[in-house]
Amino acid sequence: MVDAGGGRWSRRRVLGGGALLAGGAALGAAGMSQGAWLADRHLPVSGGPASATVGNRRQEVGAGGLQVVWHVPTTDRLVALTFDDGPLPRWTPTVLDTLDRYGVSATFFLVGQRVRRHGELIRGRLARHEVGNHSWRHRDLARLAAAEVHDDLRRSHEAIAEVAGVPPRLARPPYGHVGGGVLHAAVRLDYRVVLWSLQMVEGGYPDDPAGHARRIVADVVPGTILLAHDGGSENRQVALRGLGAMINGLRDRGYTFVTVSQLLGRATGG
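Just so it is clear, the structure is predicted and the values come from calculations on it, not from any experiment.

Novice: Teacher, can you tell me more about the packing of helix 3 (residues 92–102) against helix 9 (residues 243–252) here?
Specialist: How two helices sit against one another is set out by the angle between their axes and by the gap between those axes. Viewed as axis vectors pointing N to C, helix 3 and helix 9 meet at an angle of 30°, and their least axial separation amounts to 10 Å. Taken together, the axes of helix 3 and helix 9 lie roughly parallel to each other. As helix 3 runs across helix 9, the sense of the crossing is right-handed. Between helix 3 and helix 9, the residues in contact are Thr-98, Leu-99 and Tyr-102 and Leu-243, Gly-244, Ile-247, Asn-248 and Arg-251, respectively. For the contact of helix 3 with helix 9, the class distribution of residues is 4 nonpolar, 3 polar and 1 charged.

Rendered as structure tokens:
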């Protein structure tokens, strides 16, 4: 293969820098070597990481369309409480007990590998709740090829359906990273991709569950999708300890807790 200057391309030359795309556009970006760009490969290379294609042949695209949701437009005082990363023994039973005590419905985005390992924590306890797919083992799916993402989500889908008794129809990629492979796999599996518009994080309230709850109550608006976790780091206990106060505070403001799908069913406009 000959370059524009008459020299021959080689793997060593490309990795060493100076490679050009068709039309003369330089590979890479300011501050990143050409070798690092090619090694990282998180740009939309056909069929590879971040690509929403699997090449030039006919693709499996399910229904052919995809909805990605951060927030649901509604004038009703509705909020969808969602939990990521479970099930885990230290956190999930506490969350489910609290939701049962207050009669609150939520959506749980489950990690398939953890469902296989800790399915007894949720089996028979999800009647008022909804389940979603949060990947097989919480890898960053945006860094994987489309086929790998599909295999990951399909494996998790099967584990969740077996334990929960219903197949998930929603997906939330770990870290909220929506790469092209995630989009392609979600279409094939007929999912809606659900992100969030407000997150329960401790920030300035590392030892103040009540203060953290007040902050959440003040920030919720109709149609909020609220992200929480029933797994992960120690400081998430702050949010969980304030969960009851947050529920009461939002109910005092006239809010009703619904699952994500229930919230989507109450969307208004457009």
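Novice: When you look at the pairing of strand 2 (residues 78–84) in this model, what are you seeing that I'm missing?
Specialist: Every other side chain in a regular strand lies on the same face of the sheet, so the side chains alternate between the two faces. Of all the 7 residues making up strand 2, 7 are buried; the element is thus mostly covered by neighbouring parts of the structure. Of the two faces of strand 2, the one carrying Leu-78, Ala-80, Thr-82 and Asp-84 and the one carrying Val-79, Leu-81 and Phe-83 are both buried. In the sheet, strand 2 pairs with strand 9 (residues 256–258) via 3 bridges, with the strands oriented parallel. Opposite Val-79, over in strand 9, you have Phe-257 as the bridge partner. Bridge count between strand 2 and strand 8 (residues 224–229): 6 bridges; the pairing is parallel. Bridge pairing in strand 8 links Leu-81 to Leu-226. The pairing of strand 2 with strand 3 (residues 107–110) spans 3 bridges and is classified as parallel. Across the sheet, the residue bridging to Thr-82 is Thr-107, located in strand 3. For the crossover that starts at strand 2, traverses helix 3 and ends in the parallel strand 3, the hand is right-handed.

Novice: I keep staring at the confidence of the model for the protein and nothing clicks. Help me out?
Specialist: Close inspection of predicted coordinates is inappropriate for parts of the model with low pLDDT. On average, the protein scores 83 in pLDDT, and the residues at 70 or more come to 79%. This model gives residues 1–32 a pLDDT under 50, and the stretch forms 32 contacts once residues within four places in sequence are excluded.

About the cut-offs
Residues numbered from 1 in each chain as written. Predicted model: local features only at pLDDT ≥ 70, side-chain atom pairs only at ≥ 80, totals over all residues. Heavy atoms only, no water. Axes fitted to C-alpha atoms, helices over the stretch in contact; angles between N-to-C directions. Helix = DSSP H or I, 4+ residues; strand = E, 2+ residues; numbered from the N terminus. Parallel < 35°, antiparallel > 145°, perpendicular 65-115°, else oblique. Left-handed = near helix turned anticlockwise from the far one by under 90°. Contact = heavy atoms within 4.5 Å. Nonpolar A, V, L, I, M, F, W, Y, C, P; charged D, E, K, R; others polar. Buried < 20%, exposed > 50% of the residue type's maximum accessible area, 1.4 Å probe, protein only. Pairing = 2+ DSSP bridges. Right-handed = clockwise from strand over helix to strand, strands pointing away. pLDDT = per-residue confidence, 0-100.

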